[in-house]
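Fold and geometry: a report
Spelled out from the first residue to the last, the chains are:
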Amino acid sequence: MIVTERLIINKFEKSDWKDIYEYLSDNDVVKFEPYEPLTKDKALHEAEERAKNPAFWAVRLKDTNKLIGNIYLSEADFKTWELGYVFNKKYWGNHYAAESAYAVINYIFKTKDAWRIVAMCDPLNIASWKLLERLGMRREGHLIKNVYFKFDSQGNPIWKDTYEYAILREEWVRNQE
């Protein structure tokens, strides 16, 4: 568990399904995600899966324990970890994503011997890449039409670009000084 000034960041629980449904059923929230808005049944399944998956971190308001979003941070090869985040639209603009991402990145660099943290985002998701830059991450690439998650009405892939971001542990430590 990680506690910040306003947030508790901990494991998901099966009982979180209603809050998961609240934000992952919203078209605006999942617009840049590789999946469609969740149904209630899928939200229940997602809560069960996230409760078992240590890569998903539940972000809760400290004063009410309300689940408002999640951080994804998963270990890959070469001491590299991949970061992602999704938050309930009702809480956008309050810097909760920045506060929780900062806390989790700091934790991983200090306790898990991480060498590098990377993140990918859609160039059209301006709020996301601006957040990554506020966290001190550097844009390392712009991949052109490298991935698709959805299809048009004729069944053709809708190709999307990707920005790649990263920060090294040494950069993170230097930025904290």
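Above this text sits the structure in question.
**Things to note about helix 5 (residues 126-134)**
For helix 5, the set of buried residues is S128, W129, L131 and L132. The buried residues of helix 5 all sit within an arc of 155° when viewed along its axis, so they share a single face. The exposed set on the far side of helix 5, more than 90 degrees from its buried face, consists of A127 and R134. In this structure, the buried side of helix 5 is in contact with strand 5 (80-87), helix 4 (96-111), strand 6 (116-121), strand 7 (138-151) and strand 8 (157-168). At the C-terminal side of helix 5, G136 shows a positive phi close to 95°.

**With respect to the sheet that holds strand 6**
What links the strands of a sheet is backbone hydrogen bonding, and the strands pair in either a parallel or an antiparallel sense. Here we have eight strands laid out as an open sheet, ordered 1-2-3-4-5-6-8-7, and mixed in their pairing. The sheet is open, and its two edges are formed by strand 1 (2-3) and strand 7, each paired on a single side. Pairing of strand 3 (residues 56-61) with strand 4 (residues 67-75), which is carried by five bridges, proceeds in the antiparallel orientation. Looking across to strand 4, one finds that V59 is bridged to G69.

**Focus on the pairing of strand 4**
Most of strand 4 is tucked away: seven of the nine residues are buried. Linkage of strand 3 to strand 4, two consecutive antiparallel strands, is achieved through a turn of five residues, within which N65 is found at a positive phi near 65°. What sits between the antiparallel neighbours strand 4 and strand 5 is a turn of four residues, in which F78 has the positive phi angle 60°.

**A look at the pairing of strand 3**
The buried fraction of strand 3 amounts to six of the six residues, a majority that puts the element mostly inside the structure. Bridging between strand 2 (residues 7-10) and strand 3 involves four bridges; their strand directions are antiparallel. By the bridge assignment, I8 is partnered in strand 3 with R60.

**Focus: the nonpolar core**
In terms of nonpolar packing, the biggest core is built from 35 residues, with I71, L83, I117 and M137 touching the most fellow members. Put simply, the parts of the chain that give this core at least two residues each are strand 2, strand 3, strand 4, strand 5, helix 4, strand 6, helix 5 and strand 8. Considering each element in turn, this core owes the most residues, nine residues, to helix 4. In contact with I71, not counting residues within four places along its chain, are A55, F56, W57, V59, L83, G84, Y85, F87, A97, S100, A101 and V104. With 13 residues, the next largest nonpolar core counts F12, Y23, A43 and A58 among its residues.

**Points about the side chain of S100**
The residue S100 is located in helix 4 in this model. In this structure, S100 is in contact with L7, I9, V59, I71 and F87, ignoring residues within four places of it in sequence.

Conventions we followed
Residues numbered from 1 in each chain as written. Predicted model: local features only at pLDDT ≥ 70, side-chain atom pairs only at ≥ 80, totals over all residues. Heavy atoms only, no water. Buried < 20%, exposed > 50% of the residue type's maximum accessible area, 1.4 Å probe, protein only. Helix = DSSP H or I, 4+ residues; strand = E, 2+ residues; numbered from the N terminus. Arc of directions from axis to C-beta. Contact = heavy atoms within 4.5 Å. Pairing = 2+ DSSP bridges. Core = buried A, V, L, I, M, F, W, Y, C linked by side-chain atoms within 4.5 Å.

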